Amino acid sequence: MTQYELACRRVLVPALGHLPVGSITREDVLELHAAHRGTPAKANQAVVVGRMVWSFVEDHALVGTSRNPFARIRPHATKRRRNPITSDSGREVWRVCEEAIVRPSSAKPCSPVFAAYFVLLLLTGLRMREGTALRIGDFDGRRIRLERHKSSRRRGAKVIDLSESAAAHLRRVIGFEWSTEWVFPSRRSRSGHIEDPWRPWQRVQQSAGVEGVTLHDLRRGFATAVLNGGADLRVVQSLLGHASLATTAIYAVPGAALQRRAAAFAANAFRGEVSDA
C-alpha cells in the first residue's frame, strides 16, 4: 500500500466517505486539511488524492459540477528531508540484497524477488510502483518502456535508457523466476506481482545497518549519485522522468566533491587557465 493509499484510507474515507461525491464542498476539504495539521505530509497527500479522484470523476462525467473542491488548497509546510542514502549505505544495501539473491534462505531478510527489486530501484531510480508492476515486455534488453506511469496521461510512454549494470541485472532477474508476465511476480497477490515491499525493506535496512531510509529515498539516492558523477541536471531529469527541472533539483543533492570541482573550475577560469572557447 502506498502513502497515497494510506492517506485515502486513514484521512479521506473517515472524514468524507459518508458524503456523496457531488456534495463535497471546499469547506469540507479545508476542515479536513486543518484537522490534520499535526501530520502535514499526510494531510497534503490526502488533498492530492482527493484532487486526482475528483478529476477522474469529472473526466467520466460522474458528477454534474466541474468545480473541484480539492483544487488550490494551500499545502501545509513540511520539513524538507535531506537524502539519507550515501554511497556507503547504498553499498551495504546492495551487499545484503545480493546475498539474498545468490544464497536464498529463510534466514535472509527477504526473498530473492524482493532483493532483486530493491537492487533495481538503486540502479535505475524507478518509482516504487513502476518497479513492482514492471512487465517483462517493458524491457527490450537495453531500455525500459513504461506505458503507464505517474505522468502517462500528459506525456505518453516513458522510456528509460539503462546502464549495463541495470540491464544485466534485469536479464538475470527475468531468468530466475517463473512468471512470463511480471519481472517481480508474486503468488500471494491478486495482481500477480509484488505489492507490499515495506516489511522486507525494513528487514533489509536492519541487516545493512541503515535506518530511516524510505524506498523513495533510493530514487533520490540514484539522482544524487548521477549528479555527483558529473551528469548535467537535465540528464538526471530525463532519467527520472520528471516533467519539471525544479523537481529534479530537489531530488539531486550535490555532494561536497562536486561543489569543490565546480568552485575550482571557476577559480581556474578567472586565473586564465580555462578558455571560454
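As the structure is a prediction and not an experimental result, all values here were calculated from the model.

By secondary structure assignment, the location of D217 is in helix α10 (residues 215–228). Side-chain polar atoms of D217 contact the side chain of R220, separated by 2.8 Å.

The tally for this structure, following the rule as stated, stands at 12 salt bridges. In this structure, the salt-bridge partner of D140 is R143, at a minimum N-O distance of 3.7 Å. For D140, a relative accessible area of 53% gives the class exposed. Ionic contacts of the salt-bridge type, sharing partners, join the residues E92, R95 and E99 into one network.

Quick look at the nonpolar core now. Residues F118, I144 and F184 are the most contacted members of the largest nonpolar core, which totals 41 residues. Those elements that provide at least two residues to this core are α4 (87–102), α5 (112–124), β1 (143–146), α8 (164–176), α9 (198–208) and α10. Here the element with the most residues in this core is α5; it accounts for 11 residues. Discounting residues that sit within four places of it in the chain, F184 has contacts with V113, A116, Y117, L120, G131, T132, V173, H193 and I194. Within the second largest apolar cluster, 13 residues are counted, among which are A7, V11, A46 and I73.

Time to look at the pairing of strand β2 (residues 158–161). The alternating pattern of β2 places K158 and I160 on a buried face, while none of V159 and D161, on the opposite face, is buried. Direction of pairing for β1 relative to β2: antiparallel, over a ladder of four bridges. Residue pairing across strands places L146 opposite K158, the latter belonging to β2.

A pair of packed helices can be characterised by two numbers: the angle between their axes and the separation between those axes. Viewed as axis vectors pointing N to C, helix α2 (residues 26–35) and helix α3 (residues 40–59) meet at an angle of 155 degrees, and their least axial separation amounts to 8 Å. Viewed along their axes, α2 and α3 adopt a mutual orientation that is roughly antiparallel. Counting all contacts with α2, which are made through V29, L32 and H33, the residues of α3 involved are A43, N44, A46 and V47. For the contact of α2 with α3, a count of residues per class yields five nonpolar, two polar and no charged.

Our focus in this paragraph is the environment of R10. Mapped onto the fold, R10 is located in helix α1 (residues 3–16). Overall, the relative accessible area of 54% leaves R10 in the exposed class. For the pair R10 and V96, spaced 86 residues apart in the sequence, the C-alpha separation amounts to 33 Å.

Attention shifts here to unusual backbone geometry. The residue R72 is not glycine, and still its phi comes out positive at about 55 degrees. Structurally, R72 can be placed in the loop between α3 and α4.

All told, the structure shown has four aromatic pairs when counted by the stated rule. Here a set of aromatic residues connected by ring pairs shows up, and it is made of F114, Y117, F118, F184 and W201.

Further remarks concern α3. Over its 20 residues, α3 extends 29 Å from the first C-alpha to the last, a length consistent with the 28 Å expected when each residue adds 1.5 Å. When we look at burial in α3, the residues that qualify are A43, N44, Q45, A46, V47, V49, G50, W54 and V57. Looking at the residues trailing α3, positive phi occurs at A61, about 55 degrees.

Along the chain, the position of L233 falls in helix α11 (residues 233–240). Residue classification places L233 among the partly exposed residues on the basis of a relative accessible area of 24%. Here the alpha-carbon distance between L233 and V183, two residues 50 residues apart in the chain, equals 30 Å. Discounting chain neighbours no more than four positions away, the residues touching L233 are L227, L245, T248, A249 and A252.

Looking now at the confidence of the model for the protein chain. Confidence in the prediction for the protein chain averages 85 pLDDT; 91% of positions are at 70 or higher. For the protein chain, per-element mean pLDDT is lowest for helix α7 (residues 152–155), which scores 61, and highest for α5, which scores 95.

Rules used throughout
- Residues numbered from 1 in each chain as written.
- Predicted model: local features only at pLDDT ≥ 70, side-chain atom pairs only at ≥ 80, totals over all residues.
- Heavy atoms only, no water.
- Helix = DSSP H or I, 4+ residues; strand = E, 2+ residues; numbered from the N terminus.
- Polar contact = N/O pair within 3.5 Å; in protein donor to acceptor, adjacent residues only side chain to side chain.
- Salt bridge = Lys/Arg side-chain N within 4 Å of Asp/Glu carboxyl O.
- Buried < 20%, exposed > 50% of the residue type's maximum accessible area, 1.4 Å probe, protein only.
- Core = buried A, V, L, I, M, F, W, Y, C linked by side-chain atoms within 4.5 Å.
- Contact = heavy atoms within 4.5 Å.
- Pairing = 2+ DSSP bridges.
- Axes fitted to C-alpha atoms, helices over the stretch in contact; angles between N-to-C directions.
- Parallel < 35°, antiparallel > 145°, perpendicular 65-115°, else oblique.
- Nonpolar A, V, L, I, M, F, W, Y, C, P; charged D, E, K, R; others polar.
- Phe/Tyr/Trp six-rings, centres within 6.5 Å; stacked < 30°, edge-to-face > 60°.
- Expected span 1.5 Å × (residues − 1).
- pLDDT = per-residue confidence, 0-100.

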